[in-house]
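Analysis of the macromolecular model
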Amino acid sequence: MSAIARSVAAAAALFLAGAVAYVSSTRAEVSNATPRTEAAVASTPSPQVPSDSKRSAFIPPPLSAMPKDDFGKMVRLGEQIFEDPAHHASAYVGNDLRCSNCHLDAGRLANSAPMWGAYVSYPAYRSKNGHVNTFEERLQGCFRFSMNGKAPPLGDKVLVALESYSYWMSRGARVDPDIAGRGYPKLDKPPMPADYKRGQQVYDENCALCHGAHGTGRQANDGSPGFPALWGPDSFNWGAGMGSFENAAAFIRANMPLGLAGSLSVQDAWDVATFMDSQERPQDPRFTGSVAETRQRFHNSSNSAYGTVVNGHLLGSDSITSGGHPRATETSSRP
Amino acid sequence: MLLRIDRYPAAWMLLGVCLATTAPGIRASDTRASATGAKAIAAQGDAQRGVPPCAGCHGAEGQGNGLAAFPRLAGLPARYLRQQLETLADGQRNSAVMSSIAKALSPDEVSALSAYYSELPVPASSPQRAGSDPAAAAELAEHGRADDRLPACVLCHGRRGVGIGDDFPPLAGQSATYIANQLEAWKAGARPAGPMGLMPRIAAKLSESDIRGVSAYFAAQPATRDVQP
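Residues numbered from 1 in each chain as written. Chains lettered and ligands numbered in written order. Predicted model: local features only at pLDDT ≥ 70, side-chain atom pairs only at ≥ 80, totals over all residues.

Here we look at the overall build of chain A
Across its full length, chain A holds 14 helices and six strands. Counting across all 335 residues of chain A, residues that qualify as buried make up 48%. Long-range pairs, those at least 24 residues apart, make up 69% of the contacts in chain A with a sequence separation of at least 6. (Helix = DSSP H or I, 4+ residues; strand = E, 2+ residues; numbered from the N terminus. Buried ≥ 20, exposed ≤ 12 C-beta atoms within 10 Å, placed from the backbone. Contact = placed C-beta atoms within 7 Å.)

This is the structure in structure tokens:
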């Protein structure tokens, strides 16, 4: 082949590659602009994952691409905290949960509240606390509620590391709170009202193997975190987002059971979320001293069982104090 | 592969018997379903019933043979071991060597042997072959493959494959050939699906090279339980 023919061929190949890239990026734009339809798709009982994953365009860099410089060290610390906060952020963690329990694949998986989806969505106004939250403040909330611990001070190395990790994996993602794959795919309301008893059956058949018959989770054989506790003293507290039926149902429908994601119907997901979130767990850190008042102020929603009576028990009335058992062994410092 | 037990079962069994203690097999009537009885079968077998000593293939400490397809048994969950022997006996799980041995054991012996091996200390890992692309295998084992909705192996088998409870046996320090054979068996429908039918679904998403890789990855992890982070 002559030199000219070679360059013509090369140019053609480049053009083709460019065209393909253009078409796929255009598709991504179009699908991003399309109103969300995943709930409609999700209501068809099939072993498919909700369709939001299909229009997910962003792929975070592989962990092996993490830089080795000083910034990279902070990113790496963020990843370590993410995978084992009880060890790497012990002062602020009051249970045995890991960030990666709810943000699967080290916070990288689309439709599992990926950190790249969160990073490009803040600062944002949150009705939960009635003001504009920075990303760092949003992270504080995770420690206070989901980790049943206490918020690291702004600027703390734990937050800097998690922010660095999130930023690093988000590079190349569009700054857009509607980025495909953010959060958990919103679910349709169930065909029938969600039901605790049906949920218990779904739980026994699909969840108890890993999370235990009583939701206590399981440690691995070396004592390291295994399967997370879903309720009880070692789980997230009443203030956590996962305590909302809607949120939990969306997470479950999109991601659970591991390896069989999509096998539960929309109805199953709502039922089992209702069952899981109608169990006692550590007190809401915003507890006012009265369950009724705390419900009125922070849980006044059909998505929360807090302050309601389930099986004769007023949920929230027998909660252990929030804050769990933060390990004071490791102190954190400002970088 | 030279070391495939399925291909040369008789040869492997003969080797196993030769490697084991030369003491004569104990008589069936002496076999009690006790720790002593289990230990005797493990070390000496029962020649009259055609039960070779377990130690012949699985090692005197139940450590298995990392280079062959003989799994380590020491420190595995008793219930898991019992289920394997039961399914080997009733034909749900197939093994040219183990099926006939499992059939010859009484239910009490199955329970006693399972308890015996589960209580043996977890041995140091035996020598293993390294995989051809350890970085890719580690990525798959520790992070799964999002595109295939394939969760990380360690999510259910614990950090570094240390195992979680009765239903998610340890993979760390297990024979690489054995792990690979099991994954292939699930892929081919030749091993019972197990809890919630998880493993056939997982194995179906693994290529031959994935299987070789993750098997080598877990075989190379320290088998001891007291691993520090």
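There is more to say after this.
Quick look at the overall build of chain B
The number of helices and strands found in chain B is eleven helices and zero strands. Ordering the α and β elements of chain B from the N terminus gives α-α-α-α-α-α-α-α-α-α-α. The buried share of chain B, reckoned over its 229 residues, is 51%. At a minimum sequence separation of 6, the contacts of chain B that also span at least 24 residues come to 66%.

Some words on the interface of chain A and chain B
Contact with chain A, which involves 20 residues of that partner, is made by 25 residues of chain B. Broken down by secondary-structure element, the contributors of at least two residues to the side of chain A that touches chain B are helix H6 (104-107) and strand E4 (225-227) of chain A. Class assignment for the residues of the side of chain A that touches chain B results in ten nonpolar, six polar and four charged. (Nonpolar A, V, L, I, M, F, W, Y, C, P; charged D, E, K, R; others polar.)

Description of the domain arrangement of chain B
With domains assigned, chain B is organised as domain 1 (9-119) and domain 2 (134-219). Residue composition of the side of domain 1 of chain B that touches domain 2 of chain B, grouped by class: seven nonpolar, seven polar and three charged. (Domains from an automatic or database assignment.)

Points about the packing of helix H9 (residues 176-187) of chain B against helix H11 (residues 208-219) of chain B
All names here are of chain B. Two numbers describe how H9 lies on H11: the axes approach to 8 Å, and their chain directions differ by 140°. Classified by the interaxial angle, the pair formed by H9 and H11 is oblique. The handedness of the crossing between H9 and H11 comes out as right-handed. Here Ala 176, Ile 179, Ala 180, Leu 183 and Glu 184 of H9 lie close against H11, whose contacting residues are Ile 211, Arg 212, Ser 215, Ala 216, Phe 218 and Ala 219. (Axes fitted to C-alpha atoms, helices over the stretch in contact; angles between N-to-C directions. Parallel < 35°, antiparallel > 145°, perpendicular 65-115°, else oblique. Left-handed = near helix turned anticlockwise from the far one by under 90°.)

Some thoughts on the domain arrangement of chain A
Interfaces are often described in size by the accessible area the parts lose on coming together. Residues and elements named next belong to chain A. Domains assigned within chain A are domain 1 (29-57 + 183-325) and domain 2 (60-179). Taken residue by residue, the interface counts 27 residues in domain 1 and 22 residues in domain 2. Among the elements that take part in the side of domain 1 that touches domain 2, helix H12 (residues 245-255) stands out by supplying three residues, more than any other. Of the residues assigned to the side of domain 1 that touches domain 2, the class counts are 13 nonpolar, twelve polar and two charged.

Points about helix H4 (residues 78-89) of chain B
Residues and elements named next belong to chain B. For H4, spanning twelve residues, the distance from its first C-alpha to its last is 17 Å, which sits close to the expected 16 Å at 1.5 Å a residue. When we look at burial in H4, the residues that qualify are Leu 81, Gln 83, Gln 84, Leu 85 and Leu 88. In this fold, the buried residues of H4 make contact with helix H5 (98-104) and helix H6 (107-119). Looking at the residues trailing H4, positive phi occurs at Gly 91, about 90°. (Expected span 1.5 Å × (residues − 1).)

Remarks on the environment of Gln296(A)
Residue and element names in this part refer to chain A. With respect to the secondary-structure elements, Gln 296 resides in helix H14 (residues 291-298). Taking the number of C-beta atoms within 10 Å as the measure of exposure, Gln 296 has 12 and is therefore exposed. Separated by eleven residues in the primary sequence, Gln 296 and Gly 307 place their C-alpha atoms 8.7 Å from one another.

Things to note about the environment of Thr177(B)
In this fold, Thr177(B) is placed in helix H9. The spatial distance from the C-alpha of Thr177(B) to the C-alpha of Pro71(B) is 8.6 Å, given a sequence separation of 106 residues.

Quick notes on the confidence of the model for chain B
All names here are of chain B. Taken over all residues, the pLDDT of chain B has a mean of 83, while the share at 70 or more is 80%. Across chain B, the element-wise mean pLDDT spans from 47 in helix H1 (residues 9-19) up to 97 in helix H8 (residues 153-157). Across residues 1-10 the pLDDT falls below 50, and counting only partners more than four positions away or on other chains, this stretch makes twelve contacts in the model. Note on residues 12-32: pLDDT under 50 across the span, and 37 contacts to partners over four residues away in sequence or across chains. For this predicted complex, the interface confidence score (ipTM) comes to 0.80, while the overall pTM stands at 0.81. (pLDDT = per-residue confidence, 0-100.)

Some remarks on helix H10 (residues 196-206) of chain A
Residues three or four positions apart in an α-helix share a direction because the helix packs 3.6 residues into each turn. Here H10(A) has its buried residues at Gly199(A), Val202(A) and Tyr203(A). For H10(A), the angular spread of the buried residues around the axis is 100°, confining them to a single face. (Arc of directions from axis to C-beta.)

A short note on the nonpolar core
Ala249(A), Ile252(A), Ala269(A), Val272(A), Ala273(A) and Ala141(B) are the most contacted members of the largest nonpolar core, which totals 127 residues. Ranked by residue count, the leading element in this core is helix H9 (residues 157-170) of chain A, at eight residues. If sequence neighbours within four positions are ignored, Ala141(B) has contacts with Ala152(B), Cys153(B), Val154(B), Val214(B), Tyr217(B) and Phe218(B). (Core = buried A, V, L, I, M, F, W, Y, C linked by C-beta atoms within 7 Å.)

Points about unusual backbone geometry
Residues and elements named next belong to chain A. Each neighbour pair has its own omega, and for Tyr 122 with Pro 123 the value is 5°, a cis peptide bond. The amide bond that connects Met 256 to the next residue, Pro 257, takes the cis arrangement and shows omega of -15°. Among the structural elements, Pro 257 can be located in the loop between H12 and helix H13 (266-276). In the Ramachandran plot, Asp 105 falls in the positive-phi region, its phi being about 50° despite a non-glycine side chain. When you line up the elements, Asp 105 lands in helix H6. Given 20 C-beta atoms within 10 Å, Asp 105 falls into the buried group.

Section: the confidence of the model for chain A
All names here are of chain A. Looking at chain A as a whole, its pLDDT mean stands at 85, while 80% of the residues score no less than 70. Of the regions scoring below 50 in pLDDT, residues 1-5 engages in one contact with residues more than four places distant in sequence or in other chains. Low pLDDT, under 50, characterises residues 327-335; the stretch is placed with 18 contacts to residues that sit more than four places away or in other chains.

Considering the packing of H10(A) against H13(A)
Residue and element names in this part refer to chain A. With their axes 7 Å apart at the nearest point, H10 and H13 run at an angle of 100° to one another. Taken together, H10 and H13 sit at an angle that is classed as roughly perpendicular. Across from Tyr 196, Arg 198, Gly 199, Gln 200, Val 202 and Tyr 203 in H10, the residues of H13 making contact are Asp 268, Asp 271, Val 272, Thr 274, Phe 275 and Met 276. For the contact of H10 with H13, the residue count by class is six nonpolar, three polar and three charged.

Observations regarding the environment of Ala89(A)
Residues and elements named next belong to chain A. Within the fold, Ala 89 resides in the loop between helix H4 (85-88) and helix H5 (99-102). The exposure class assigned to Ala 89 is buried, which follows from the 28 C-beta atoms found within 10 Å. Ala 89 sits 70 residues away from Leu 159 along the chain, and the two C-alpha atoms are 9.6 Å apart. Those residues within four positions of Ala 89 in sequence are excluded, and the remaining contacts are Ile 81 and Val 158.

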